[in-house]
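Report on the structure
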Amino acid sequence: MPTGVRPDPWNEDGEEDFKAREPLTPEEAAAWRARHRATSPWRVVLFQGVAAVLMVVLWTLFGSARHGLSALFGALAVVGPNALMAWGTTRRPATMAGAALLSLMVWELIKILLVAVILLAVIKGVPDLRWPALLLTMVVCLKVYWLVLLRWGRNKN
């Protein structure tokens, strides 16, 4: 390191700063992929489903059957569209970055529209809806999403 240049405080893992170099060899690329594993969207959906079942059971046990049903609709509004998006984005991997981005955007739009349709149907179709159960279950399912991404999205040695 040149004299008078301080080390990068954000570089915690001790790796050298990026330097332009030749493309990776197949062995180097395989080693990089092994160090930087991707998180499957199905893992996120699985943990959201587990959180949803837990919330429905808790609302039914400590509330009433109406609370449990409202929690079930809240879970359906989050887990269902996320499962559809996971299926849509993983069923046929895109080979080009632009196509992958477009696919992600289209499936995200479908997910948002499906959430809106589910919530409108629940509001119109369920006469004795328990809003706290529905909304809290939705929030818990969404927060599990971020916890899973934070936990499994980090590099594992």
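Note that the structure is a prediction, hence the values are computed from the model and not measured.

It is worth spelling out the overall build of the chain at this point. Helix and strand content of the chain: 5 helices and 0 strands. In sequence order, the secondary structure elements of the chain are arranged as α-α-α-α-α. Here the chain holds 157 residues, and 22% of them are scored as buried. Accessible area of the chain: about 11700 Å², with a carbon and sulfur share of 69%.

Together, Trp42, Leu84, Trp87, Leu102, Val106 and Ile110 make up a nonpolar patch on the protein surface, roughly 530 Å² of accessible area in all. Contributing elements (two or more residues each) for the nonpolar patch: α3 (65-90) and α4 (97-125). When residues of the nonpolar patch are assigned to their parent elements, the largest contribution, 3 residues, is made by α4.

Attention now goes to the packing of aromatic side chains. Inspection of every chain in the model, using the stated rule, returns 1 aromatic pair. Against the face of tryptophan 87 rests arginine 91, its NZ or CZ located 5.0 Å from the ring centre.

To continue, consider α4. Taking 1.5 Å per residue as the helical rise, α4 with its 29 residues ought to reach 42 Å, and the 41 Å between its terminal C-alpha atoms agrees with that figure. Residues Trp107, Lys111, Ile118 and Val122 constitute the buried set of α4.

A few words now on the packing of helix α2 (residues 41-62) against α3. As a packed pair, α2 and α3 sit with axes 9 Å apart at the nearest point and diverge in direction by 175°. The orientation of α2 with respect to α3, classified from their angle, is roughly antiparallel. Contacts between α2 and α3 involve Pro41, Trp42, Val45, Gln48, Gly49, Ala52, Met55, Val56, Trp59 and Thr60 from the former and His67, Gly68, Ala71, Leu72, Ala75, Val78, Val79, Asn82, Ala83, Ala86, Trp87 and Thr90 from the latter. Residue composition of the contact of α2 with α3, by class: 15 nonpolar, 7 polar and no charged.

As a rule of thumb, soluble globular proteins bury nonpolar side chains together. Among the nonpolar cores identified, the biggest contains 14 residues, and Ala52, Val79, Val122, Leu129, Leu134, Met138 and Cys141 are the most heavily contacted of them. Listing elements by their share of this core, those giving two or more residues are α2, α3, α4 and α5 (131-153). Sort the elements by how many residues they give to this core and α3 lands first, with 5 residues. For cysteine 141, the residues in contact, after removing those within four places along its chain, are Gln48, Ala52, Ala75, Val78 and Val79. Residues Met55, Val56, Trp59 and Ala133 belong to the second largest nonpolar core, which totals 5 residues.

This next bit is on the side chain of lysine 111. Along the polypeptide, lysine 111 turns up in helix α4. The class of lysine 111 is buried, set by a relative accessible area of 15%. Those residues within four positions of lysine 111 in sequence are excluded, and the remaining contacts are Pro81, Asn82 and Met85.

Of note, serine 70 is situated in helix α3. Of the residues examined, serine 70 reaches a relative accessible area of 2% and is grouped as buried.

Below, the discussion takes up the confidence of the model for the chain. Considering every residue of the chain, the mean pLDDT works out to 84; 83% of them sit at 70 or more. Per-element confidence in the chain is highest for α3, whose mean pLDDT is 94, and lowest for helix α1 (residues 26-35), whose mean pLDDT is 82.

On to the packing of α3 against α4, then. As a packed pair, α3 and α4 sit with axes 9 Å apart at the nearest point and diverge in direction by 160°. Here α3 is positioned roughly antiparallel relative to α4, judged by the angle of their axes. Relative to α4, the crossing made by α3 is right-handed. On α4, the residues that touch Phe73, Leu76, Ala77, Pro81, Asn82, Leu84, Met85, Trp87, Gly88 and Thr89 of α3 are Ser103, Leu104, Trp107, Glu108, Ile110, Lys111, Leu114, Val115, Ile118, Leu119 and Val122.

Calculation rules
- Residues numbered from 1 in each chain as written.
- Predicted model: local features only at pLDDT ≥ 70, side-chain atom pairs only at ≥ 80, totals over all residues.
- Heavy atoms only, no water.
- Helix = DSSP H or I, 4+ residues; strand = E, 2+ residues; numbered from the N terminus.
- Buried < 20%, exposed > 50% of the residue type's maximum accessible area, 1.4 Å probe, protein only.
- Areas by Shrake-Rupley, 256 points an atom, 1.4 Å probe, with all protein chains shown as cover.
- Patch = residues over 30% accessible without salt bridge, like charges linked within 9 Å, V, L, I, M, F, W, Y side chains within 5 Å.
- Salt bridge = Lys/Arg side-chain N within 4 Å of Asp/Glu carboxyl O.
- Phe/Tyr/Trp six-rings, centres within 6.5 Å; stacked < 30°, edge-to-face > 60°.
- Lys NZ or Arg CZ within 6 Å of the ring centre and 35° of its normal.
- Expected span 1.5 Å × (residues − 1).
- Axes fitted to C-alpha atoms, helices over the stretch in contact; angles between N-to-C directions.
- Parallel < 35°, antiparallel > 145°, perpendicular 65-115°, else oblique.
- Contact = heavy atoms within 4.5 Å.
- Nonpolar A, V, L, I, M, F, W, Y, C, P; charged D, E, K, R; others polar.
- Core = buried A, V, L, I, M, F, W, Y, C linked by side-chain atoms within 4.5 Å.
- pLDDT = per-residue confidence, 0-100.
- Left-handed = near helix turned anticlockwise from the far one by under 90°.

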